[in-house]
Amino acid sequence: MKILVTGGAGFIGSHLTERLLQTGHEVSVYDNFSTGQRQFLKAAEDDGRFELFEADLLDETTLDSSMQGVDFVWHLAANADVRFGTDRPRLDLEQNTIATSNVLEAMRKNNVQNIVFSSTGSIYGEASVIPTPESCPMPTQTSLYGASKLACEGLISAYCEGFNMRGWIFRFVSILGERYTHGHIFDFYRKLLENPSNLAILGNGQQRKSYLYVHDCLDAMFQAVENASARVNILNLGTDEYVQVNDSVDLITSHLGLTPERSYSGGERGWIGDNPFIFLDCNRIRSLGWSPQYNIREGILKTLKWLENNHWVLGSRE
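Owing to the predicted nature of the structure, the values given are computational and were not obtained by experimental measurement.

## Examining the pattern of salt bridges
- Going through the model one piece at a time under the given rule, you end up with 15 salt bridges.
- For Asp-47, the salt bridge identified is with Arg-49, shortest N-O distance 2.6 Å.
- Glu-94 is the partner of Arg-90 in a salt bridge, and the nearest nitrogen-oxygen pair spans 2.7 Å. Separated by four residues within a single helix, Arg-90 and Glu-94 lie in helix H4 (residues 89–109), roughly one turn from each other.
- The network of salt bridges with common partners includes Glu-126, Glu-268 and Arg-269.

## A word on the packing of helix H1 (residues 11–22) against helix H7 (residues 214–227)
- Two elements in contact, H1 and H7, have axes whose closest approach is 10 Å; the angle formed by their N-to-C orientations is 60°. Regarding the angle of H1 to H7, the classification is oblique. The hand of the H1/H7 crossing is right-handed. Facing H1, whose interface residues are Phe-11, Ile-12, His-15, Leu-16, Arg-19 and Leu-20, H7 presents Val-214, His-215, Leu-218, Asp-219 and Phe-222.
- Among the residues forming the contact of H1 with H7, the class breakdown is seven nonpolar, two polar and two charged.

## Comments concerning the packing of aromatic side chains
- Counted by the stated rule, this structure contains 12 aromatic pairs.
- Between Phe-40 and Trp-312, the aromatic rings sit 5.9 Å apart at their centres with planes inclined by 65°, giving edge-to-face as the arrangement. With Phe-40 in the loop between strand S2 (26–31) and helix H2 (42–45) and Trp-312 in the segment after helix H10 (296–308), this pair connects stretches of sequence that are 272 residues apart.
- Given the relative accessible area of 4%, Phe-40 is considered buried.
- Assessed through its relative accessible area of 33%, Trp-312 is described here as partly exposed.
- Residues Phe-277 and Phe-279 carry aromatic rings whose centres are separated by 6.4 Å and whose planes lie at 10° to one another, so their mutual orientation is stacked. Taken individually, Phe-277 and Phe-279 each receive the classification buried, so the pair is uniform in this respect.
- Ring-pair connections join several aromatic residues into one group, and the members of that group are Phe-72, Trp-74, Trp-168 and Phe-222.
- In this arrangement the basic side chain of Arg-108 is found over the ring face of Phe-163, its NZ or CZ atom lying 5.7 Å from the centre.

Conventions we followed
- Residues numbered from 1 in each chain as written.
- Predicted model: local features only at pLDDT ≥ 70, side-chain atom pairs only at ≥ 80, totals over all residues.
- Heavy atoms only, no water.
- Salt bridge = Lys/Arg side-chain N within 4 Å of Asp/Glu carboxyl O.
- Helix = DSSP H or I, 4+ residues; strand = E, 2+ residues; numbered from the N terminus.
- Axes fitted to C-alpha atoms, helices over the stretch in contact; angles between N-to-C directions.
- Parallel < 35°, antiparallel > 145°, perpendicular 65-115°, else oblique.
- Left-handed = near helix turned anticlockwise from the far one by under 90°.
- Contact = heavy atoms within 4.5 Å.
- Nonpolar A, V, L, I, M, F, W, Y, C, P; charged D, E, K, R; others polar.
- Phe/Tyr/Trp six-rings, centres within 6.5 Å; stacked < 30°, edge-to-face > 60°.
- Buried < 20%, exposed > 50% of the residue type's maximum accessible area, 1.4 Å probe, protein only.
- Lys NZ or Arg CZ within 6 Å of the ring centre and 35° of its normal.

So this is what it looks like as structure tokens:
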């Protein structure tokens, strides 16, 4: 099978690319390298079944060319920086919603029938139902990122209905693991390297979050693609636990042997759109026979150890 992975040089996408190649598929990666890393593709580039398209998803001509002969699209490319959405409000529209529209239109033109999409638990806003199921009444959106991803879901559903496509939409919690370059562990570790005696924490540190290890995430997606066969399949991906931000800080500082003074910006939210409690009901994906192999504590420590051994990535987002 020939597969196109958008965002394939990124954290999750590069792991996905390697796994698809290992299982015998031809894989084309489409990435503009705004956040993706060439080093993440080193193993893939040695495989004769690998092809790279270095371009933006707003480049419709290159996108159309990349889609020729493709059987399946795994669409992971996105602007994922929720925190700075209000600073650059058009970025989420362009890199998430318009980009997804372009992917779907290129699929339609090239008769590609299958799409996997990485959505987000942020589409639930500040949910009234905890743990939050896929059928939760949709609340007011609290971030431009979440709103843009929800619009993508709507487009995918409409294309599946209108053009006989099939879609798998995954609403992730935050993902942890090797090649992680964005999020609280990355930020805290970099801050502690710069100043081990003080750690600035956004909000009050009591925000409750759920996390999932990257290979557990991939296992879940493959399980769903193989076993969920509706026209549009929407599934939450997460663990059956959550931690406070302060719990993460405890794990990180204990592993590093540090006891920094903690300073808090205050309030329930670290920024606009920082939902104080994210915890997803994952019974739907579990009913397909999947369960995570790693808990949140293990995911945090595996991520931290990888960052300790890969300091080069700490400057990659400057």
